[in-house]
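Take a look at the letters that make up each chain.
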Amino acid sequence: MPGTPPTRFVYLGPEGTFAEQALRTVPAAERGTRTPARSVGEALDSVRVGEADAALVPLENSIGGAVGVTLDEMAEGEPLVITREVVLPVEFVLGARPGTTLDDIRSVAAHPQASTQCRNWLRGHLPDAVVVDVLSNGAAAGGVASGEYDAAVCAPIGAARHRLAVLADKIADHPDAVTRFALVSRPGPPPPPTGDDLTSLAVYIAHDRVGALLSVLMELAVRGVNLTRIESRPTGEALGRYVFFLDCTGHVADVRLGEALQGLRRVCADVRFLGSYPRHRFSGAAGDRPVPAPAGLSDADYADAAAWLARLRAGAQP
Ligand SMILES: O=C(O)C(=O)Cc1ccccc1
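Remember, it's a predicted structure, so these values are computed and weren't measured experimentally.

Definitions and limits used
Residues numbered from 1 in each chain as written. Predicted model: local features only at pLDDT ≥ 70, side-chain atom pairs only at ≥ 80, totals over all residues. Heavy atoms only, no water. Patch = residues over 30% accessible without salt bridge, like charges linked within 9 Å, V, L, I, M, F, W, Y side chains within 5 Å. Areas by Shrake-Rupley, 256 points an atom, 1.4 Å probe, with all protein chains shown as cover. Salt bridge = Lys/Arg side-chain N within 4 Å of Asp/Glu carboxyl O. Buried < 20%, exposed > 50% of the residue type's maximum accessible area, 1.4 Å probe, protein only. Near = heavy atom within 4 Å. Polar contact = N/O pair within 3.5 Å; in protein donor to acceptor, adjacent residues only side chain to side chain. Helix = DSSP H or I, 4+ residues; strand = E, 2+ residues; numbered from the N terminus. Nonpolar A, V, L, I, M, F, W, Y, C, P; charged D, E, K, R; others polar. Domains from an automatic or database assignment. Core = buried A, V, L, I, M, F, W, Y, C linked by side-chain atoms within 4.5 Å. Phe/Tyr/Trp six-rings, centres within 6.5 Å; stacked < 30°, edge-to-face > 60°. Pairing = 2+ DSSP bridges. Axes fitted to C-alpha atoms, helices over the stretch in contact; angles between N-to-C directions. Contact = heavy atoms within 4.5 Å. Parallel < 35°, antiparallel > 145°, perpendicular 65-115°, else oblique. Buried area = accessible area lost by both parts, 1.4 Å probe.

(A) Expanded view of a nonpolar patch on the surface. Nonpolar side chains collect at one region of the surface, where Leu 214, Met 218 and Val 222 lie side by side and expose about 290 Å² of accessible area between them. Residue classification places Val 222 among the exposed residues on the basis of a relative accessible area of 52%.

Listed below in structure tokens is the structure:
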């Protein structure tokens with residue numbers, strides 16, 4: 001039932017992923033059920049078909065960039081909306097079955113984003129090992145435990161959950177990397193505005209119209225809506241055909257963002273609303289505070305203008 005708080009959660013599994021760790025920061029998930037899925041697509045489809053109320057999936061990483069499969073899955077199929085974001089520091093370890101040494105390792109299982117972030121360490125310490133892409137950090141650890149691979153780039157909780165020895169820790173090339181996760185549900189009333197929210201969209205432009213993308217950006221800029229992320233993904237129709245994923249500051253209930261969304265509806269071939277949700281609350285440690293919203297017209301200015309227009313239309317004195 002839309003608007004009912006979620007109780008059945010699914011996450012990118014298997015057990016031992018950062019996604020599981022991120023889900024455990026969601027209070028409602030501690031009270032509900034938590035089921036691992038083999039892939040992002042499987043997790044999101046569980047929500048679409050009603051087997052789960054919410055899915056926790058990776059969205060982007062500060063080093064490796066967007067998790068493409070999540071964007072692609074959100075752009076197609078039955079619509080889903082983000083109701084919460086979780087930003088988690090990710091620290092990778094090299095896990096292996098107890099007794100394994102670095103010299104024994106011929107294959108390393110790793111999520112593509114994980115191997116990207118540990119590229120230099122792997123190249124320096126395991127130059128002859130074959131790195132095999134797997135669907136998640138948990139799958140990497142599980143594949144080592146089952147004997148399929150010699151070692152895994154995985155999360156510390158993955159090594160622990162699959163009873164692996166940690167042969168090396170802090171193996172990421174960038175120690176301060178973070179990953180942004182999204183909690184996704186079927187469309188329903190968005191979380192109430194907090195004054196520090198994001199709204200995510202997928203916009204399809206008319207590629208044959210000169211300046212089509214600029215028109216999109218202008219609908220936001222002229223209303224003082226700050227664009228915090230833009231990402232293009234192929235639509236699959238043809239080379240050069242893209243869907244653009246936008247994160248904007250503000251909430252769908254805001255006057256200003258509401259006007260911008262109506263403008264996008266007018267100028268785009270299609271707009272898919274992907275949710276309005278609170279920005280992740282940082283610990284407040286130096287350097288990881290959210291960027292303050294830019295100065296610009298306030299919502300009160302927009303409300304005042306709307307009331308002024310209504311008076312004009314009613315023939316009253318402006
Ligand atoms: O959640 C996980 O553990 C994943 O496998 C996705 C992922 C991959 C790389 C960095 C962070 C999350």
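The structure having been displayed, the exposition proceeds.
(B) Main features of the site of the ligand. In the vicinity of the ligand, the residues found are Leu 12, Thr 17, Phe 18, Ala 19, Pro 58, Phe 92, His 111, Gln 113, Ser 136, Asn 137, Thr 179 and Phe 181. Phe 18 is positioned such that a nitrogen or oxygen atom in its backbone is 2.8 Å from an oxygen atom of the ligand. Separating an oxygen atom of the ligand from a backbone N or O atom of Ala 19 is a distance of 2.9 Å. Within the complex, the protein chains bury 99% of what would otherwise be the 320 Å² of accessible surface of the ligand. At the level of secondary structure, the elements contributing two or more residues to the shell around the ligand comprise helix H1 (18-23) and strand E11 (178-185). Tallied by class, residues from the shell around the ligand come to six nonpolar, six polar and no charged. Both domains that furnish three or more residues to the shell around the ligand are identified here as domain 1 (1-89 + 178-188) and domain 2 (93-168).

(C) Spotlight on the nonpolar core. Within the largest apolar cluster, 60 residues are counted, with the highest numbers of intra-cluster contacts made by Phe 92, Leu 94, Val 108 and Val 153. Broken down by element, the residue count for this core peaks at five residues, all from strand E3 (residues 54-61). Core analysis: the second largest hydrophobic core is formed by 15 residues, Leu 201, Val 203, Cys 248 and Leu 264 among them.

(D) Examining the packing of aromatic side chains more closely. Applying the stated criterion to the full structure yields two aromatic pairs. Arranged with centres 5.4 Å apart and planes meeting at 90°, the rings of Phe 18 and Phe 92 form a pair that is edge-to-face. Residue Phe 18 is found in helix H1, and its partner Phe 92 is found in the loop between strand E5 (81-89) and strand E6 (93-96); the two are separated by 74 residues along the sequence. We classify Phe 18 as buried; its relative accessible area is 5%.

(E) Representation of the sheet that holds strand E9 (residues 151-154) in the model. Taken in spatial order, the five strands of this open sheet run E8-E7-E9-E6-E10, and their pairing is mixed. With partners counted over all chains shown, the strands left at the sheet margins are strand E8 (130-133) and strand E10 (165-169), one partner each. In this sheet, adjacent strand axes meet at a mean angle of 30° when their direction is disregarded. Across four bridges, the pairing between E6 and E9 is antiparallel. Among the inter-strand pairings, Leu 94 is bridged to a residue of E9, identified as Val 153. Of the strands in this sheet, E6, strand E7 (107-110) and E9 touch helix H7 (residues 137-145), which is tilted by about 160° from E9.

(F) Focus on the packing of helix H10 (residues 255-267) against helix H11 (residues 299-313). Contact geometry of H10 with H11 gives a least axis separation of 8 Å together with a crossing angle of 65°. The angle between the axes of H10 and H11 places the two elements in the roughly perpendicular class. Together, Val 255, Arg 256 and Glu 259 of H10 and Asp 299, Tyr 302 and Ala 303 of H11 make up the contact between the two elements.

(G) A look at the domain arrangement of the protein. Examined at the domain level, the protein breaks down into domain 1 (1-89 + 178-188), domain 2 (93-168) and domain 3 (190-317). Computed over C-alpha atoms, the centres of domain 1 and domain 3 are 23 Å apart. Between domain 1 and domain 3, roughly 1,600 Å² of surface is buried when both sides are summed, and carbon and sulfur atoms account for 53% of that area. When residues of domain 1 are sorted by the area they lose upon contact with domain 3, Leu 71, Ile 82 and Glu 85 head the list and together hold 30% of the total. Across the contact surface, domain 1 and domain 3 share three salt bridges. Put simply, Arg 229 and Glu 60 hold a salt bridge, and the shortest N to O gap is 3.7 Å. For the pair domain 1 and domain 3, the interface holds ten residue pairs in polar contact (both at pLDDT 80 or more).

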